[in-house]
Amino acid sequence: MNGSSVIVKVVSLAIILPALTFGLYIIAHGHLTPGGGFQGGAIIASALAIFLVAFAKQASKTLRKNLLSALECLALLGFIGLSFLGLGKSFFFNFLANSGLIFGQAVPFGPNPGFINTAGVIPLMNFFVGLEVSCALTIIVLTMLKAGGDKK
Amino acid sequence: MKLAKIAFFLIFTYFLLACALLLRPFGKPAVSDMDEYFILNAQREAASNNVVASIVFDYRGLDTLGEATVLFAAVSSIVLLFRGAPK
Amino acid sequence: MIENIHFIAVALLIALGIYTLIFKRNLIKIAMGISILASGINLFLISLGYRAQGIAPIFTNAAIAASEVQAKMVLPAPQALTLTSIVISLAVTALMLSFAIIIYQKTGSLDATKSRRLKG
């Protein structure tokens, strides 16, 4: 699989790095602003797809299918494990909200500037789901690229 | 055969357009007790400012679990399809 | 009648998807038609919950007072279900395009009426 010319590499680098940061920002503030795990994961997967097309040789060495597959399975197991931890009251219970532990601050009713330390188990679930979605979409792009055959 | 296809498509399009013009006026949703409960109690119980995120991950978390499973199953079957003997 | 323009757009999108499913024979075009159909249905789900002169159901820096929160916020439940629907339609489209690639590699043509054998 050949890469692209130097102009395409430089300009796509100016797009990939801000897109990765923007995707991480949307995943991290999922409990305060519109967004969350699925949307941020799709943005990161788009940035990785542009990386795969523009830098063909370097990307095939970094993004291997075994590594991405292991990350996706670990993220899904973490998501399910978090939902088992609140089993004292029910499945999927938000055991970290309104308590004193991490992410456990209480929120007064009404509009307010957002506080990051709130919302219990929701930011952790956002992170796991974002990792899983981005790895899944990148695996799909990798598999379809390799199966199309190498055309010179 | 072709006449039957064209007739079915025209009747179906007429049915869709008639339904679109006869629905509730856009902007006046039906009274929904579930949404009122979510808006009033999401900050007290789930402690989050984003009501939609608290619905997706806290009140209706099982739907999110099913969706993650569907995505995982689709990716697994795509990798399985392209695994045939590369000669 | 013109104020229902969102529902008319939904009807046109669904009709376009059904037209592609009935009258086209190329496998890639059929996959595109199913994707357009899924987009029309997601638009219908979201536009069912809109309240006139409403704001987003998010409390961060909301521009209204705490007493009229009930009357001005858009319904949040259809938005949460549309998220799930979008991800599922993405998985279905990816799987259909993979099937199209495999059928082309095994039989050599992308015509839907020419691949009727059950054994490859």
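Residues numbered from 1 in each chain as written. Chains lettered and ligands numbered in written order. Predicted model: local features only at pLDDT ≥ 70, side-chain atom pairs only at ≥ 80, totals over all residues.

**Quick notes on the interface of chain B and chain C**
Applied cut-off: Once C-beta atoms are placed from the backbone, any two residues with those atoms within 7 Å are in contact. Helix and strand definitions follow DSSP, with helices as H or I runs of at least four residues and strands as E runs of at least two, each counted in order from the N terminus. Polar here means any residue other than Ala, Val, Leu, Ile, Met, Phe, Trp, Tyr, Cys and Pro, which are nonpolar, and Asp, Glu, Lys and Arg, which are charged; Gly is therefore polar.
Each partner contributes residues to the interface: chain B has 37 residues there, and chain C has 41 residues. Elements with a minimum of two residues in the side of chain B that touches chain C: α1 (2-22), α2 (33-45), α3 (51-59) and α4 (61-81) of chain B. Taken together, the residues of the side of chain B that touches chain C break down into 23 nonpolar, 7 polar and 7 charged.

**Here's the deal with the environment of Asn112(A)**
The following threshold applies: Neighbour counting defines burial: a residue surrounded by 20 or more other C-beta atoms within 10 Å of its own C-beta is buried, one with 12 or fewer is exposed, and intermediate counts give partly exposed, using backbone-placed C-beta atoms.
On the secondary structure map, Asn112(A) appears in the loop between α4 (65-84) and α5 (122-147). Using a count of 15 C-beta atoms within 10 Å as the deciding quantity, one classes Asn112(A) as partly exposed.

**Here's the deal with the interface of chain A and chain B**
Interface size, as often reported, equals the accessible area lost upon joining of the parts. Residue-level contacts link 28 residues of chain A with 21 residues of chain B. Residue assignment for the side of chain A that touches chain B shows that the elements contributing at least two residues are α4 and α5 of chain A. If one sorts the elements of the side of chain A that touches chain B by residue count, α5(A) sits on top with 10 residues. Considered class by class, the residues forming the side of chain A that touches chain B number 17 nonpolar, 10 polar and 1 charged.

**A word on unusual backbone geometry**
All names here are of chain A. Non-glycine residue Phe92 carries a positive phi angle of around 60°. Considering the arrangement of structural elements, one finds Phe92 in the loop between α4 and α5. Phi angles above zero are rare outside glycine, and Phe103 is one such case at about 60°. Judged by C-beta crowding, with 20 C-beta atoms within 10 Å, Phe103 ranks as buried.

**Structural notes on the UniProt feature "transmembrane region" (unreviewed entry) in chain B**
For clarity, the threshold we go by: UniProt positions are given in the numbering used here, feature names are shortened, and annotations may be inferred rather than shown by experiment.
In this structure's numbering, the residues bearing the UniProt feature "transmembrane region" (unreviewed entry) are residues 7-27 and 64-82 of chain B. Its end C-alpha atoms 28 Å apart, residues 64-82 of chain B is made of 95% helix and 0% strand.

**Considerations on the UniProt feature "transmembrane region" (unreviewed entry) in chain A**
Residue and element names in this part refer to chain A. Summarizing the sequence annotation, UniProt attributes the feature "transmembrane region" (unreviewed entry) to residues 7-28, 34-55, 67-87 and 121-145 in the numbering used throughout. The distance separating the terminal C-alpha atoms of residues 34-55 is 32 Å; by composition the span is 82% helix and 0% strand. Along residues 67-87 the backbone is 86% helical and 0% strand, and the end-to-end C-alpha distance reaches 32 Å.

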